[in-house]
Amino acid sequence: MTLEINGIKKKFDEQYAVNGISLKVEKGKMFGMLGANGAGKTTTFRMILGLLDPTEGSALWDGERMSYQRTRLVGYLPEERGLFPKLTVKEQLIYLMKLKGMKTPEIVKEMRIWLDRFQVPEYENKKLEELSKGNQQKIQFMASILHRPELLILDEPFSGLDPVNSDMLKKAVLDLQRQGTTIVFSSHQMSNVEEMCEDLIMLKRGRPVLQGNLREIKRSYGMKRISIRADYELDFLETIQGVLSFEKGRDGGLLHVENEEVGETIFHTLAEKGFVRKFEIEEPTLHDIFIDKVGGETDE
Ligand SMILES: Nc1ncnc2c1ncn2[C@@H]1O[C@H](COP(=O)(O)OP(=O)(O)OP(=O)(O)O)[C@@H](O)[C@H]1O
């Protein structure tokens, strides 16, 4: 079972929101979709789910387009959370999961397992509006997975969660992956993608600007980051050719340079000037790469 997207495009009012994305996610893999606001992530998800028709190209799960008849196969955590504030947790999960073809006793059983796991068993009969935003999100997550989908699409699952809840959700997502669920998720928090995904795509204005295996991307990315500690003024580093940025720290700084050779030049320059307490060349973080590729701007 594979998620396969072939040259997908979506045009709204003469403008392409998604403009030629192709990718493959094998069963049991976790795939990250990154991009600034408006880059086309949600539109891509909606096409995978069959909620929007592509203008061109196709999105297939296990060789077929997603359709209402195949709804049980997929779970979706939408970015604009869609629960009923006046219904209790139990009422809405029963309503939503019946739409996925589950029966009430099975829903209640699974719901209790997950409420326990999320340490909120007392919420079963509470109205959604009585819950904090973070706890509402746990319920929304449950609504995307109680039916044990093969393919799980999570649009910004960690937004608005405190570190404890974020960790709890992260563990739950990783467990589902271990059990064989194929997961695609978007996040603005690069550290989560870095921790969880092997493969990713980075979008800018609906087009891929980077795609592939995260480790490979980092290894082969020209840009490097260098942490320096030295006892003398380092401002001159900014003027060296190939230096992309310099953030001054208390007794040193963090440099981004075009490539490793620039790093070597800097090392020799520093060594001639005096004692260097620390000089470390590292691969860029995903955050560095995102800023480099997408520029930190929004696409809207
Ligand atoms: N139904 C629609 N009609 C017209 N334009 C749309 C529609 N849906 C999305 N767009 C436009 O398509 C572009 C991509 O939007 P999309 O929601 O897919 O981005 P995104 O990457 O999910 O952004 P965010 O990170 O803010 O959620 C935006 O410019 C948006 O305004």
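Keep in mind that what you see is a predicted model, and the values were worked out from it rather than measured.

**Student:** Help me understand the overall build of the protein chain in this model?
**Tutor:** Helix and strand counts for the protein chain come out as nine helices and 14 strands. Oriented by its inertia axes, the alpha-carbon framework of the protein chain measures out at about 75 × 45 × 35 Å. In the protein chain, which comprises 300 residues, the share counted as buried stands at 32%. The contacts in the protein chain between residues at least 6 apart in sequence include a share of 70% that link residues at least 24 apart.

**Student:** I'm lost on the UniProt feature "domain: ABC transporter" (unreviewed entry) in the protein chain in this one. Help?
**Tutor:** The UniProt entry lists residues 3-230 under the feature "domain: ABC transporter" (unreviewed entry), expressed in the numbering used here. Strand forms 31% of residues 3-230 and helix 33%; the C-alpha atoms that close the span are 50 Å apart.

**Student:** Can you help me understand the confidence of the model for the protein chain in this one?
**Tutor:** In low-pLDDT regions, the fine details of the predicted coordinates are not to be read closely. Of the residues in the protein chain, 98% have a pLDDT of 70 or more, and the chain-wide mean is 92. Across the whole predicted complex the pTM is 0.89, and at the interface the ipTM reaches 0.95.

**Student:** Looking at this structure, how should I read the nonpolar core?
**Tutor:** Soluble, globular proteins show a tendency: their nonpolar side chains are buried together. In this structure, Phe31, Leu93, Met142, Leu146, Ile153, Ile183 and Val184 are the most contacted members of the largest nonpolar core, which totals 61 residues. Leaving out residues up to four positions away in the same chain, leucine 146 has contacts with Leu93, Met97, Met102, Ile107, Glu110, Met111 and Trp114. Counting residues in each nonpolar core, the second largest holds seven residues, with Ile228, Leu255, Val262 and Ile266 among its members.

**Student:** How should the sheet that holds strand E4 (residues 56-61) be read in this particular structure?
**Tutor:** Taken in spatial order, the four strands line up as E2-E1-E4-E5 in an open sheet, and their pairing is antiparallel. Every other strand in the sheet has two partners, leaving strand E2 (15-26) and strand E5 (64-65) as the edge strands with one partner each. Looking at chain direction, strand E1 (residues 2-12) and E4 are connected through five bridges and run antiparallel. Looking at E4, one finds that isoleucine 5 is bridged to alanine 59. The sheet contacts of helix H1 (residues 41-48) involve E1, E2 and E4, and relative to E1 the element is tilted by about 120 degrees.

**Student:** It is not clear to me how the environment of lysine 86 should be interpreted in this structure. Could you clarify?
**Tutor:** Here lysine 86 is to be found in the loop between strand E6 (74-77) and helix H2 (89-99). Separated by 41 residues in sequence, lysine 86 and lysine 127 place their C-alpha atoms 5.7 Å apart. Not counting the four nearest positions on each side in its chain, lysine 86 is found in contact with Lys127 and Glu129.

**Student:** Hey, could you run me through the pairing of strand E7 (residues 151-155) in this one?
**Tutor:** Side-chain direction in a regular strand flips from residue to residue, so the side chains alternate between the two faces of the sheet. Summarising burial for E7: five of the five residues are buried, a large majority. Of the two faces of E7, both are covered, the one formed by Leu151, Ile153 and Asp155 as well as the one formed by Leu152 and Leu154. Pairing geometry for E6 and E7, over four bridges, is parallel. Counted as the bridge partner of leucine 77 is leucine 154 from E7. Pairing of E7 with strand E8 (residues 182-186) involves five bridges; the strand directions are parallel. Bridging across to E8, leucine 151 finds its partner in threonine 182. This β-α-β element, E7 to helix H5 (residues 163-178) to E8, shows right-handed connectivity.

**Student:** What is the right way to read the site of the ligand from this model?
**Tutor:** Neighbouring residues of the ligand: 13 residues in total, closest Phe12, Ala17, Asn37, Thr42 and Thr43. It is H1 that provides the largest number of residues to the shell around the ligand, a total of three residues. A class-by-class count of the residues in the shell around the ligand yields three nonpolar, six polar and four charged.

**Student:** In this structure, what is going on with unusual backbone geometry? I would like to understand it.
**Tutor:** For residues that are not glycine, phi is negative in most cases, and the peptide bond is trans in most cases. Despite not being glycine, glutamine 119 has its phi angle at roughly 60 degrees, a positive value. By the secondary structure assignment, glutamine 119 is in the loop between helix H3 (104-117) and helix H4 (133-145). Residue classification places glutamine 119 among the partly exposed residues on the basis of 13 C-beta atoms within 10 Å. Phi at glutamate 156 takes a positive value of approximately 55 degrees, unusual for a residue other than glycine.

The rules behind the values
Residues numbered from 1 in each chain as written. Predicted model: local features only at pLDDT ≥ 70, side-chain atom pairs only at ≥ 80, totals over all residues. Helix = DSSP H or I, 4+ residues; strand = E, 2+ residues; numbered from the N terminus. Buried ≥ 20, exposed ≤ 12 C-beta atoms within 10 Å, placed from the backbone. Contact = placed C-beta atoms within 7 Å. UniProt positions renumbered as here; feature names shortened; annotations may be inferred. pLDDT = per-residue confidence, 0-100. Core = buried A, V, L, I, M, F, W, Y, C linked by C-beta atoms within 7 Å. Pairing = 2+ DSSP bridges. Axes fitted to C-alpha atoms, helices over the stretch in contact; angles between N-to-C directions. Right-handed = clockwise from strand over helix to strand, strands pointing away. Near = placed C-beta within 6 Å. Nonpolar A, V, L, I, M, F, W, Y, C, P; charged D, E, K, R; others polar.

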